[in-house]
Amino acid sequence: GAVVSQHPSRVICKSGTSVKIECRSLDFQATTMFWYRQFPKQSLMLMATSNEGSKATYEQGVEKDKFLINHASLTLSTLTVTSAHPEDSSFYICSARDPTRVTYEQYFGPGTRLTVT
Amino acid sequence: AQTVTQSQPEMSVQEAETVTLSCTYDTSENNYYLFWYKQPPSRQMILVIRQEAYKQQNATENRFSVNFQKAAKSFSLKISDSQLGDTAMYFCAFMKATGANNLFFGTGTRLTVIP
């Protein structure tokens, strides 16, 4: 149980275009999902907390108009990178917590590698 | 603010031997959770072990165990009988028990198991 999927796993887009990444909780309902960014050989950096039915909470330094987050249902959160630039190339990972479990671990998606050319 | 420090960027261990990865953290919270996550080359984050701060007993999961020293704010991971499949990045992470449930990660330790 507690499986989180991400789609696509890999995407290449041209500079100036937008790309959407989906994060789904497959066997549980997640009121809260998290979006992380990971640069090569570095740790995960929290970008934003996605709350179902309300606005996302962005971490300091993350442009909310560039990284649009929508959490329209209890099993789906999307991250849209708008007007992508090469510096946005990175590995994006989502996670979710199953609120029905007494333990507090987060379950991670397999990640999406974004390359902006 | 919470910070998590992993002072060993890289470590190696012979297969079947034991290795300990270090982690320290800084927080003013009294109730919190600590985790070790493994990130193999596939980059899928996998939970290895978790510890609730209110529990004095150290968590154990098969070959993985922790040494949790709350007063010292230390949370090391011991891997016994290391296997080739243990080769991965290991991240120590902190989560507050109340409020936002986001994780604060350390910088990671790259572990290589040598056959």
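No experiment lies behind these values; they were computed from the predicted model shown. (Residues numbered from 1 in each chain as written. Chains lettered and ligands numbered in written order. Predicted model: local features only at pLDDT ≥ 70, side-chain atom pairs only at ≥ 80, totals over all residues. Heavy atoms only, no water.)

Caption draft 1: Looking closely at the overall build of chain A. For chain A, the count of helices and strands is zero helices and 11 strands. Along chain A, from the amino end to the carboxyl end, the secondary structure elements read β-β-β-β-β-β-β-β-β-β-β. Its C-alpha atoms give chain A a radius of gyration of 14 Å, near enough to 13 Å, the size a compact globule of 117 residues would have. Overall, the C-alpha framework of chain A stretches about 45 × 30 × 25 Å when taken along its three principal axes. Burial analysis of chain A (117 residues in total) assigns 50% to the buried set. When the accessible surface of chain A is totalled, it reaches about 5700 Å², and 51% of it is carbon and sulfur. Separation between the mean location of the 12 positive side-chain charges and that of the 10 negative ones in chain A comes to 6 Å. (Helix = DSSP H or I, 4+ residues; strand = E, 2+ residues; numbered from the N terminus. Rg over C-alpha atoms; globule rule 2.2 N^0.38 Å. Buried < 20%, exposed > 50% of the residue type's maximum accessible area, 1.4 Å probe, protein only. Areas by Shrake-Rupley, 256 points an atom, 1.4 Å probe, with all protein chains shown as cover. Lys, Arg positive; Asp, Glu negative; His and termini not counted. Charge placed at Lys NZ, Arg CZ, Asp CG, Glu CD.)

Caption draft 2: Inspection of the nonpolar core at higher detail. With 26 residues, the main nonpolar core has Val4, Trp35, Phe67, Leu79, Tyr92 and Leu114 of chain A as its most contacted residues. Setting aside residues no more than four positions away along its own chain, leucine 114 of chain A makes contact with Val11, Cys13, Val19, Val81, Asp88, Ser89, Ser90 and Tyr92 of chain A. Counting residues in hydrophobic clusters, the runner-up holds 25 residues, among them Val4, Trp36, Phe68 and Phe94 of chain B. (Core = buried A, V, L, I, M, F, W, Y, C linked by side-chain atoms within 4.5 Å. Contact = heavy atoms within 4.5 Å.)

Caption draft 3: Fine view of the sheet that holds strand β8 (residues 76-81) of chain A. Residues and elements named next belong to chain A. Taken in spatial order, the four strands make up an open sheet running β1-β3-β8-β7, and their pairing is antiparallel. Either end of the sheet is taken by a strand with one partner, and the two such strands are β1 (4-7) and β7 (67-73). Strand after strand, the sheet turns through a mean of 15° between neighbouring axes, direction not considered. Sheet topology places β7 next to β8; five bridges connect them, and they run antiparallel. Across the sheet, the residue bridging to asparagine 70 is threonine 78, located in β8. (Pairing = 2+ DSSP bridges. Axes fitted to C-alpha atoms, helices over the stretch in contact; angles between N-to-C directions.)

Caption draft 4: Region of the structure containing the interface of chain A and chain B. If you look at the interface, chain A gives 20 residues, while chain B gives 18 residues. Summing both sides of the interface, chain A and chain B together bury roughly 1700 Å²; the carbon and sulfur share of this comes to 55%. It is Tyr104, Glu105 and Phe108 of chain A in chain A that bury the most area against chain B; as a group they hold 32% of the surface buried on that side. The interface formed by chain A and chain B contains zero salt bridges. The tally of links between chain A and chain B comes to six residue pairs in polar contact (both at pLDDT 80 or more). (Buried area = accessible area lost by both parts, 1.4 Å probe. Salt bridge = Lys/Arg side-chain N within 4 Å of Asp/Glu carboxyl O. Polar contact = N/O pair within 3.5 Å; in protein donor to acceptor, adjacent residues only side chain to side chain.)

Caption draft 5: Main features of the environment of proline 99 of chain A. The residue proline 99 of chain A is located in the loop between β9 (90-96) and β10 (107-108) in this model. C-alpha separation for the pair proline 99 of chain A and alanine 30 of chain A, spaced 69 residues apart in sequence, amounts to 6.9 Å.

Caption draft 6: Representation of the state of the cysteines. Going through the model one piece at a time under the given rule, you end up with two disulfides over all chains. One disulfide in the model links cysteine 23 of chain A with cysteine 94 of chain A; its S-S distance is 2.0 Å. One quick way to see it: the torsion about the S-S bond of cysteine 23 of chain A and cysteine 94 of chain A is about 80°, and its sign makes the bridge right-handed. One end of the pair, cysteine 23 of chain A, is in strand β3 (residues 19-25); the other, cysteine 94 of chain A, is in strand β9, and 71 residues separate them in sequence. Its relative accessible area of 0% is what places cysteine 94 of chain A among the buried residues. The disulfide partner of cysteine 23 of chain B is cysteine 92 of chain B, and the S-S distance across this bridge is 2.0 Å. (Disulfide = S-S within 2.5 Å.)

Caption draft 7: Spatial organisation of the pattern of salt bridges. Considering all chains together, one arrives at five salt bridges over all chains under this definition. Glutamate 22 of chain A serves as the salt-bridge partner of arginine 24 of chain A, at 3.5 Å between the closest nitrogen and oxygen. Judged by its relative accessible area of 34%, arginine 24 of chain A is partly exposed. For lysine 55 of chain B, the salt bridge goes to glutamate 52 of chain B, with nearest N and O atoms at 3.9 Å.

Caption draft 8: Broad picture of the side chain of serine 95 of chain A. Residue placement: serine 95 of chain A occurs in strand β9. With sequence-adjacent residues up to four places away left out, serine 95 of chain A is seen in contact with Thr32, Met33, Phe34, Tyr36, Gln106, Tyr107 and Phe108 of chain A.

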